[in-house]
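Per-entry structural report
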Amino acid sequence: MLKTNNSASASKDDYPGRAYFIRHGESTSNERNIFAGVLDVDLTAFGRLQARRAGADIKKKGIKFDAVYVSHMRRARQTCEIALAESQALKSPDIPVEIDHRISEKSFGIFAGRNLNLLRLALGYEGFEEMLHSHNEAPPAGEKIAQVYGRAASFYEERIVPHLERGETVLVVCHQYVLEPLALYLSDLPPTAYEHLKLPNGKALSGEELIKFRDKESGGAASVRKQINDLSIMWAILLYAAAFLLGCLVRAISASSVGIPSELFRAIIVACLAASTFYTYLDIDFAASKRKVTSTVKYIVYAWMLVRWVVGLLLIFSGILYQNPGDLYKVMWVLFWMVPPALTSPVLSVLWGGNLYPSAILSRTLSIIAPVALIVTFGLAKQLPINSSSLIFFGVILIVGLAIPGAIAQFWRDKSPVESNHHSKNWKFIGVLAVALMALATGFQFTPSTFLGDLFFSTDATRSLACLQQLAVATLVFILMRVFAVLTSVFTKDKLIKAEARDAYILLVNPNFFLWAALFLGV
């Protein structure tokens with residue numbers, strides 16, 4: 001047993017040799033926010049980039065290995081192979097890369113392949129933490145942390161220590177839930193002291209660095225940040241809805257006739273969307289995502305959006321819908337039916353167990369096409385008192401709120417794959433809170449100051465009726481979007497995998513409220 005009671009560098013002092021540890025690069029399960037465990041998944045393109053960066057870092061430090069041990073799982077073996085090829089760090093080409101099953105990932109039992117956020121919602125935050133991150137609890141048919149601690153310690157003592165005693169340098173490539181208990185062991189702490197860390201993918205850490213990382217990440221501030229991050233992501237949808245309703249309520253109760261100044265409101269929307277886009281696109285590889293979107297889901301989503309446009313245009317141009325300026329609100333809700341999916345659809349995909357790739361690619365494509373189509377529509381529908389120049393605001397949203405932060409996020413991913421990924425894991429809640437602030441401001445801005453009076457206390461029956469009609473039309477549009485999306489999911493049950501069907505549903509029921517808001521400002 002290592003004696004490291006008083007120093008983070010005690011492992012180096014005890015033995016003349018040194019061990020380095022790498023958590024595998026990003027896997028397909030990491031990208032889609034699901035538990036892998038014993039599922040044998042591959043690295044993503046980003047994960048391979050992280051592995052190459054780990055190799056480059058090893059080469060830069062001039063490290064040479066006398067022995068290499070790796071988990072039997074593909075994501076670990078691929079990381080090891082890429083890192084060694086990049087670093088050329090073996091002291092001899094004859095040194096074998098040895099597989100040891102004791103450093104394979106923790107088994108998550110029946111939770112393997114399940115979405116992390118959906119499990120948190122199902123189990124509750126405390127229940128999830130207890131079952132997944134308690135030393136003596138485990139998912140059904142899964143492993144306890146204490147069991148992983150035992151096999152990791154056994155591996156270290158039997159395979160690594162002899163090398164260290166001879167003054168040799170060793171590389172170990174394995175998994176997060178193995179390295180975390182191993183960090184405890186190297187710190188001479190029991191499994192009861194276990195805390196879940198957010199170990200970076202594809203970063204070579206010495207034993208001393210692993211201990212220091214554990215000490216830093218298990219501290220008070222880091223623990224609070226982790227909880228805020230987990231809870232904000234877990235309750236993101238409810239948080240958005242509550243923020244929007246709070247904004248509506250504040251405006252209605254205050255009966256303020258003056259909303260947020262137009263320029264300030266637009267600045268809030270663009271800034272918040274930019275923050276949300278940045279943190280969303282830190283986790284998305286657009287170049288690789290294009291190849292992962294099947295033709296079937298493309299045709300279904302595009303066809304459904306085309307149907308919505310045909311229906312919307314018929315209602316607008318037929319004269320049935322719009323007969324006088326008092327009917328303009330009906331046109332506005334039909335336009336809500338016609339706008340593209342929200343740019344934040346990938347966030348919902350990750351939270352709701354979608355496939356991620358369709359929501360990212362299709363929402364971006366439709367968000368570019370739809371505004372152009374709307375400009376043409378308003379050019380033809382001259383009888384509508386809508387200023388198509390209001391779409392300039394949406395152009396600003398696309399450039400400043402989507403294109404620029406998205407490009408910065410993708411550049412940082414490519415330039416610093418380890419640091420950018422670790423930052424995203426720790427600070428993703430900033431993007432969630434940005435959307436909540438955006439929803440709060442929007443709810444306040446677009447709620448009529450006379451809403452409660454018109455609905456409940458107006459002596460003018462016409463005003464009350466008009467308010468009820470608006471609510472009825474809005475409710476009908478929301479219901480129809482969901483009904484037809486559900487029917488689409490039912491009819492394509494055998495054509496789409498479950499995750500793709502979830503993405504299709506998200507794209508069809510999550511319209512871009514801020515494009516619609518830009519149109520509203522143009523009335």
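One can find the structure itself at the top, above this paragraph.
Below is a short write-up of the structure. (Residues numbered from 1 in each chain as written. Predicted model: local features only at pLDDT ≥ 70, side-chain atom pairs only at ≥ 80, totals over all residues. Heavy atoms only, no water.)

**What to know about the overall build of the chain**
What counts is decided by this rule: In this text, helices come from DSSP runs of H or I with a minimum length of four residues, and strands from runs of E with a minimum of two, each type numbered from the N-terminal end. The cut-offs for exposure are 20% and 50% of the maximum accessible area for each residue type, with area from a 1.4 Å probe on protein chains only; residues under the lower value are buried, those over the upper are exposed, and the others partly exposed. Should any heavy atoms of two residues lie within 4.5 Å, those residues are considered in contact.
Broken down by element type, the chain carries 24 helices and five strands. Across its three principal axes, the chain shows a C-alpha extent of roughly 90 × 45 × 40 Å. Within the chain, the proportion of its 523 residues that are buried is 54%. Across the chain, the fraction of contacts at a sequence separation of at least 24, relative to all contacts at a separation of at least 6, is 81%.

**With respect to the pairing of strand S4 (residues 169–174)**
To keep it simple, the criterion reads: Here a strand pair is declared whenever DSSP counts at least two bridges between the two strands.
Where burial is concerned, most of S4 is hidden: six out of the six residues are buried. Bridge analysis of strand S1 (residues 18–23) against S4 gives six bridges, and the strand direction is parallel. Across the sheet, residue Ile22 finds its bridge partner in S4, namely Val173. Examined bridge by bridge, strand S2 (residues 67–70) and S4 share four bridges and lie parallel to one another. Within S4, the position partnered with Ala67 by the bridge is Val170.

**A short note on a nonpolar patch on the surface**
Rule in force here: Residues qualify for a patch when their relative accessible area is over 30% and they have no salt bridge, like charges being joined within 9 Å and the nonpolar side chains of Val, Leu, Ile, Met, Phe, Trp and Tyr within 5 Å. Methods summary: accessible areas were calculated by the Shrake-Rupley approach with a probe of 1.4 Å, and residue burial reflects only the protein chains presented. Here a salt bridge means any side-chain nitrogen of Lys or Arg lying within 4 Å of a carboxyl oxygen belonging to Asp or Glu.
On the surface, Leu476, Ile479, Leu480, Val483, Phe484, Val486, Leu487, Val490 and Phe491 cluster together to form a nonpolar patch covering roughly 780 Å² of accessible area. Note on Ile479: relative accessible area 46%, which makes it partly exposed.

**Some words on the packing of aromatic side chains**
Here a ring pair, both rings aromatic, is described through the centre-centre distance and the interplanar angle of the planes. Note the cut-off: Only the six-membered ring of Trp is used, alongside the rings of Phe and Tyr, when aromatic pairs are assigned; centres must lie within 6.5 Å, and planes under 30 degrees apart are stacked while those over 60 apart are edge-to-face, with the rest tilted. We count a charge as sitting over a ring when the NZ of a lysine or the CZ of an arginine lies within 6 Å of the ring centre and within 35 degrees of the ring normal.
Tallied over the entire structure, the rule returns 15 aromatic pairs. Summarising the aromatic geometry, the rings of Phe35 and Phe128 are spaced 6.1 Å apart at their centres and angled 25° between planes, so their arrangement reads as stacked. Taken together, the residues span a long stretch of sequence, with Phe35 in the loop between helix H2 (28–31) and helix H3 (45–61) and Phe128 in helix H6 (residues 125–133) at a distance of 93 residues. Considering the side-chain rings of Tyr149 and Tyr185, the 6.0 Å spacing of their centres and the 80° angle between planes classify their relative orientation as edge-to-face. Of the two residues, Tyr149 is situated in helix H7 (residues 145–165) and Tyr185 in helix H8 (residues 176–186); the sequence distance between them amounts to 36 residues. In this structure Tyr185 comes out as buried when scored by relative accessible area, which is 4%. Each residue in the set Phe35, Phe108, Phe128 and Tyr177 is aromatic and connected to the rest through ring pairs, giving one cluster. Taking NZ or CZ as reference, Arg225 lies 5.2 Å from the ring centre of Trp427, over its face.

**A look at the nonpolar core**
Under the convention used in this document: Here, the term nonpolar core denotes a set of buried Ala, Val, Leu, Ile, Met, Phe, Trp, Tyr and Cys residues that are joined through side-chain atoms within 4.5 Å.
By size, the foremost hydrophobic cluster in this structure holds 78 residues, and its most contacted members are Val301, Leu335, Ile397 and Trp516. No other element matches helix H15 (residues 328–338), which puts ten residues into this core.

**What about unusual backbone geometry?**
For Asn33, which is not glycine, the phi dihedral falls at a positive 65°. Tracing the chain through its elements places Asn33 in the loop between H2 and H3. Located in the positive-phi region is Ala141, a residue other than glycine, with phi close to 70°. With respect to the helices, strands and loops of the structure, Ala141 is situated in the loop between H6 and H7.

**A look at the sheet that holds strand S5 (residues 204–206)**
Basically, it comes down to this: Axis lines are fitted through C-alpha atoms, for helices just across the contact stretch, and the angle between N-to-C directions can take any value from 0 to 180 degrees.
The five strands lie next to each other as S3-S2-S4-S1-S5, forming an open sheet whose pairing is mixed. Either end of the sheet is taken by a strand with one partner, and the two such strands are strand S3 (97–99) and S5. Taking each pair of neighbouring strands and ignoring which way they run, the sheet shows an average axis angle of 25°. Across the face of the sheet, H8 comes into contact with S1 and S4 while running at roughly 150° to S1.

**Focus: the pairing of S1**
Buried residues dominate S1, accounting for five of its six residues. Relative to S5, S1 runs antiparallel, the two being bridged by three bridges. From the neighbouring strand, Tyr20 faces S5, where its bridge partner is Ser206.

**Thoughts on the environment of His24**
The condition that has to hold: In the analysis that follows, any N or O atom pair within 3.5 Å is treated as a polar contact, provided that within protein one partner can donate a hydrogen and the other can accept it, and provided that, for residues neighboring in sequence, both atoms belong to side chains.
Mapped onto the fold, His24 is located in the loop between S1 and H2. The spatial distance from the C-alpha of His24 to the C-alpha of Ala252 is 52 Å, given a sequence separation of 228 residues. Apart from the residues lying within four places of it in its own chain, the contact partners of His24 are Asn30, Arg75, Ala76, Thr79, Cys174, His175, Asn201 and Gly202. One polar contact links His24 to Arg75, side chain to side chain, over a distance of 3.4 Å.

**Comments concerning the environment of Leu245**
On the secondary structure map, Leu245 appears in helix H11 (residues 236–254). Once the C-alpha coordinates of Leu245 and Glu165 are considered, the two residues, 80 residues apart in sequence, prove to be 64 Å apart.

**Description of the packing of helix H16 (residues 345–352) against helix H23 (residues 498–509)**
The packing of two helices is summarised by the inter-axis angle and the distance between the axes. Test applied: Should an angle lie under 35 degrees it is considered roughly parallel, over 145 roughly antiparallel, and from 65 to 115 roughly perpendicular; all remaining angles are considered oblique. Crossing handedness: left-handed means the near helix sits turned counterclockwise from the far one by under a right angle, and right-handed means the same turn made clockwise. Asp, Glu, Lys and Arg are counted as charged, while Ala, Val, Leu, Ile, Met, Phe, Trp, Tyr, Cys and Pro are counted as nonpolar; the rest, among them Gly, fall into the polar class.
At their nearest, the axes of H16 and H23 sit 10 Å apart, and the two run at 140° to each other. The orientation of H16 with respect to H23, classified from their angle, is oblique. Crossing of H16 over H23 shows right-handed handedness. Residues Ser345, Leu348, Ser349 and Trp352 of H16 pack against Arg502, Asp503, Tyr505, Ile506 and Leu507 of H23. Within the contact of H16 with H23, the residues separate by chemical class into five nonpolar, two polar and two charged.

**Concerning the packing of helix H12 (residues 262–281) against helix H20 (residues 429–446)**
Viewed as axis vectors pointing N to C, H12 and H20 meet at an angle of 155°, and their least axial separation amounts to 8 Å. Judged on the interaxial angle alone, H20 and H12 are roughly antiparallel. In this structure, H12 meets H20 at a crossing whose hand is left-handed. Taking contact as the criterion, the partners of Phe265, Ile268, Ile269, Cys272, Leu273, Ala275, Ser276 and Tyr279 in H12 are, on H20, Ile430, Gly431, Ala434, Val435, Leu437, Met438, Ala441, Thr442, Gln445 and Phe446. Of the residues belonging to the contact of H12 with H20, the class tally is 14 nonpolar, four polar and no charged.

**As for the environment of Asn33**
Here the alpha-carbon distance between Asn33 and Arg114, two residues 81 residues apart in the chain, equals 8.5 Å. Setting aside chain neighbours within four positions, we find Asn33 in contact with Arg114, Asn115, Leu116, Asn117 and Val350.

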